[in-house]
Amino acid sequence: MKKFTTLVAIDFSKSCYAVLAKALDFTQKMSGELHVVHVVESSFFSKKIDLDSIKERGFNELIKNFSTIKKENYHCVSGKIKVEVSNTAKILNADVIIMGNSGETHFLSELLMGSHTKEIIKHAQTPVLVMKIDHEIEYKNILVLTDLSDESANAIKKIAEFFPNSNINLINLYYLPLDNRINTYGFEEEDLKEYKESVEKQSRKNIDAFLKSLALAKEIKITASAINSSLNPKLFEEEVSHIGHDLLAIHATQNVSFFAFDILENSTVDVFVLK
C-alpha cells in the first residue's frame, strides 16, 4: 500500500520553517513520509550556479532544525519554481503540496502571493495546502466551496480521506442577478419575493441531492447549504461568517478562476486547493 506522501516547498525563510514543522507533525499523524523541495531559479546565478554545492549547504542548514529529514528526501533542483515543484510532486506521487503564504521576507508576501503561490497552484495537479497562519494542521471545521460537479464530488471525497475527523460544511453559491435591477425592470415586490423563493428552493434542492449522491461513510460529519452570494471575493468571508471554519477548501480546474484566487488571497484561514 502506498504511503501518504507530503511535499513541502521551502525557500529557507523563517516562515517556511514554521510551515515545515507543522507539515512534519501532520505527516507523522498520517503515518506518511515527508519530502522537501527547494527550487533554485535557473536565472538566479546564471552559469555561476553550482547546484550540488547549494544542495549540500541547503541540507546542512535544514537538518539543524529538522534532524529526522533524510538526505534522499531533500530535493534541490534548478528551474522554474512552478514547473519544478509540480514535477517533483508528480515524480513522488505526492498526496499534497504544503507551502506558506509568505515568501523570503514578510514584506514580499503580497508579491509572492501574486506570483509563486499562484503559479504553483496553476501548474500542479496535486492538491495544494496554503498555510495562512501558524497553527497545527488539524482542522475542526472545513468549509468547502462546491459547484456540484463530478470533479467537485471527487475533491470532497479526498478531503474526507485527508481529514476524517473534521466537520465538513459544503456550500454552493447562487446569485440573484435581478436584485439591483428590479425597480428598473418594473417588477412588483411580490414578483421579486416569489423569484427569490424559487431560486432559493431550487438551490437547496440541488445541493441536498448532491450531498446524497456523495454516498460518504456514515461516520463522516458533513452538512450542506446554499448561500445567496454577491460573488464578490472581498465580501465572501462576511457572507459565510455564520459558518465557523478554520480551513477553506476550493475545487478548481486547470484554469483556476480569478474568483478562486481572489478568495485565496482574501482568506484569513488556511486554503486547500484541489483539482
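Visitor: What's the story with the sheet that holds strand β4 (residues 96-100) in this structure? I'm lost.
Guide: In any sheet, the strands associate via hydrogen bonds between backbone groups, in a parallel or an antiparallel arrangement. Strand order in this open sheet of 10 strands is β3-β2-β1-β4-β5-β10-β9-β6-β7-β8, and the pairing throughout is mixed. The outermost strands of the open sheet, each flanked by one partner alone, are β3 (74-78) and β8 (221-228). Neighbouring strand axes in the sheet, compared pairwise and without regard to direction, differ in orientation by 25 degrees on average. Contacts from helix α7 (residues 189-214) reach β7 (167-174) and β8, with the element oriented near 155 degrees to β8.

Visitor: So what exactly am I meant to see when it comes to the nonpolar core here?
Guide: Most often, soluble globular proteins have nonpolar side chains that are buried together. In terms of nonpolar packing, the biggest core is built from 46 residues, with L62, I98, I159, F163, L170 and F272 touching the most fellow members. If we ignore the near neighbours within four places in the chain, the residues touching I98 are T6, L7, V8, A9, V19, A23, F26, L129, M131 and I137. A9, A94, M99 and V240 belong to the second largest nonpolar core, which has 33 residues in total.

Visitor: Sorry if this is basic, but what is going on with helix α1 (residues 14-29) here?
Guide: Given 3.6 residues to a turn, an α-helix orients residues that are three or four positions apart in the same direction. With 16 residues, α1 should cover 22 Å at 1.5 Å per step; its first-to-last C-alpha distance of 24 Å lies within 8% of that length. On its buried face, α1 sits against β1 (5-9), β2 (33-40), α2 (51-65), β4 and β5 (128-131). Of the residues flanking the end of α1, it is S31, one or two places downstream, whose phi is positive at about 55 degrees.

Visitor: Hey, could you run me through the environment of V39 in this one?
Guide: Looking at the element boundaries, V39 is found in strand β2. For the pair V39 and S78, spaced 39 residues apart in sequence, the C-alpha to C-alpha distance is 5.6 Å. In this structure, V39 is in contact with V77, G79, K80, I81, E84 and V85, ignoring residues within four places of it in sequence.

Visitor: Any chance you could explain the side chain of H75 here in plain terms?
Guide: Looking at the secondary structure, you find H75 in strand β3. A polar contact of 2.9 Å, which involves the side chain of H75, links it to the side chain of H35. Ignoring sequence-local partners within four residues, the contact set of H75 consists of H35, V36, V37, H38, T88 and L92.

Visitor: Would you mind showing me how to read the pattern of salt bridges here?
Guide: It is possible for side chains bearing opposite charge to pair when their charged atoms get close. Overall, the coordinates contain 8 salt bridges when judged by the stated rule. Measuring nitrogen to oxygen at the nearest pair gives 2.6 Å for the salt bridge that ties D95 to K2. Of this pair, D95 sits in the loop between α3 (81-92) and β4 while K2 sits in the segment before β1; the two residues are 93 residues apart in sequence, bridging distant segments of the chain. The exposure class of D95 is partly exposed, given its relative accessible area of 22%. Using a relative accessible area of 40% as the deciding quantity, one classes K2 as partly exposed. Across the pair K29 and E138 runs a salt bridge, and its minimum N-O distance is 2.9 Å. Remark: E138 occurs in the loop between β5 and β6 (141-145) and K29 occurs in helix α1; sequence separation between them is 109 residues. For E138, a relative accessible area of 54% puts it in the exposed group. Residues joined by salt bridges that share partners form a network here, namely D25, K29 and E138.

Visitor: Mind showing me how you'd approach the confidence of the model for the protein here?
Guide: Any residue range with low pLDDT should be treated as having predicted coordinates unsuitable for detailed reading. Scored by pLDDT, the protein comes out at a mean of 85, with 87% of its residues at no less than 70. Considering only residues more than four positions removed or in separate chains, one finds that residues 103-114, a stretch of pLDDT under 50, has 16 contacts.

Conventions adopted
- Residues numbered from 1 in each chain as written.
- Predicted model: local features only at pLDDT ≥ 70, side-chain atom pairs only at ≥ 80, totals over all residues.
- Heavy atoms only, no water.
- Pairing = 2+ DSSP bridges.
- Helix = DSSP H or I, 4+ residues; strand = E, 2+ residues; numbered from the N terminus.
- Axes fitted to C-alpha atoms, helices over the stretch in contact; angles between N-to-C directions.
- Contact = heavy atoms within 4.5 Å.
- Core = buried A, V, L, I, M, F, W, Y, C linked by side-chain atoms within 4.5 Å.
- Buried < 20%, exposed > 50% of the residue type's maximum accessible area, 1.4 Å probe, protein only.
- Expected span 1.5 Å × (residues − 1).
- Polar contact = N/O pair within 3.5 Å; in protein donor to acceptor, adjacent residues only side chain to side chain.
- Salt bridge = Lys/Arg side-chain N within 4 Å of Asp/Glu carboxyl O.
- pLDDT = per-residue confidence, 0-100.

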